[in-house]
Amino acid sequence: MADHRPCTARNETPLERADRNFGELLQELRVTQTGVQILFAFLLTLAFTQRFPSLDTFQRATYVTTLLLAVVAAALFTAPAALHRSLFQRGAKARIVQVSSRLATVGMGVLVLAFTGSVLLVVDVTTGRAGGVAAGAATLLVCLGLWGLLPRLVRRAGLAEERKAAQSHSTPASARREVIPRATARPGTSPREPSARLR
């Protein structure tokens, strides 16, 4: 069957590749879920503090929006596990990996907004509206730079190296150094000594 033929440089079948990709995806989700859990726990406890009733309308709206974003991010990051459990042993591992990857990508985007809202709220309460907006904007830019721009730059650098390697391998024969073979020694003469005609 075609599903059992090696298909990558790792010499693995499509099913083995899907298993490896799903395992790597779960490792990534474990890292992001920790951040979401910490943020969500912080937001839940914030509503029961003594200072919470003194928040103005903008701060309350920011709090509710950030809390909902954290919930959506947590749901997106846990959806791959639920999807895998629902389709377990149904022969849909490749489709599970594809959908789970998209869910994780959307979850990262939602998590960026949740981080931005939480920083905006905390700094707004402690230092003022201008400081909160500035801190929130800086958080947004840092996350977009590290999570969005940096991977693209790394990918572009890798593609440039691959193109350079491909060009070096495809150099035409005329551009290469021409190797001149050594003259063979005549019988009875030393290979190191030139013949009488060349002297």
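Residues numbered from 1 in each chain as written. Predicted model: local features only at pLDDT ≥ 70, side-chain atom pairs only at ≥ 80, totals over all residues. Heavy atoms only, no water.

*Asks:* Would you mind going over helix α2 (residues 57-86) in detail, with residue names and values included?
*Replies:* Taking 1.5 Å as the rise per residue, α2 with 30 residues should run 44 Å; its terminal C-alpha atoms sit 42 Å apart, in good agreement. Within α2, the axis deviates most sharply at Thr78, by approximately 35°, and proline Pro80 lies no more than four positions further along. Those residues of α2 that are buried are in contact with α1 (14-46), α3 (93-127) and α4 (129-169). At the N-terminal boundary of α2, the capping side chain belongs to Asp56, with an oxygen 3.3 Å from the backbone nitrogen of Phe58. (Helix = DSSP H or I, 4+ residues; strand = E, 2+ residues; numbered from the N terminus. Expected span 1.5 Å × (residues − 1). Bend = angle between axes of the 7 residues up to and from the residue. Contact = heavy atoms within 4.5 Å. Polar contact = N/O pair within 3.5 Å; in protein donor to acceptor, adjacent residues only side chain to side chain.)

*Asks:* Any details on the pattern of salt bridges? Residues and values, ideally.
*Replies:* One pass over the structure, following the stated rule, counts 4 salt bridges. One salt bridge in this structure joins Arg20 and Glu24, with 3.4 Å as the shortest N-O distance. With a gap of 4 residues between them, Arg20 and Glu24 both fall in helix α1, about one helical turn apart. Among the residues examined, Arg20 registers a relative accessible area of 23% and is labelled partly exposed. Put simply, Asp124 and Arg129 hold a salt bridge, and the shortest N to O gap is 2.8 Å. (Salt bridge = Lys/Arg side-chain N within 4 Å of Asp/Glu carboxyl O. Buried < 20%, exposed > 50% of the residue type's maximum accessible area, 1.4 Å probe, protein only.)

*Asks:* Outline the packing of aromatic side chains, listing residues and values.
*Replies:* Taken as a whole, this structure holds 2 aromatic pairs when the rule is applied. Look at Phe52 and Tyr63: their rings are 5.1 Å apart centre to centre, the planes differ by 70°, and that puts the pair in the edge-to-face class. Here Phe52 is found in the loop between α1 and α2, whereas its partner Tyr63 is found in helix α2, with 11 residues between them in sequence. The ring centre of Phe88 lies 4.7 Å from the NZ or CZ of Arg85, which sits over that ring. (Phe/Tyr/Trp six-rings, centres within 6.5 Å; stacked < 30°, edge-to-face > 60°. Lys NZ or Arg CZ within 6 Å of the ring centre and 35° of its normal.)

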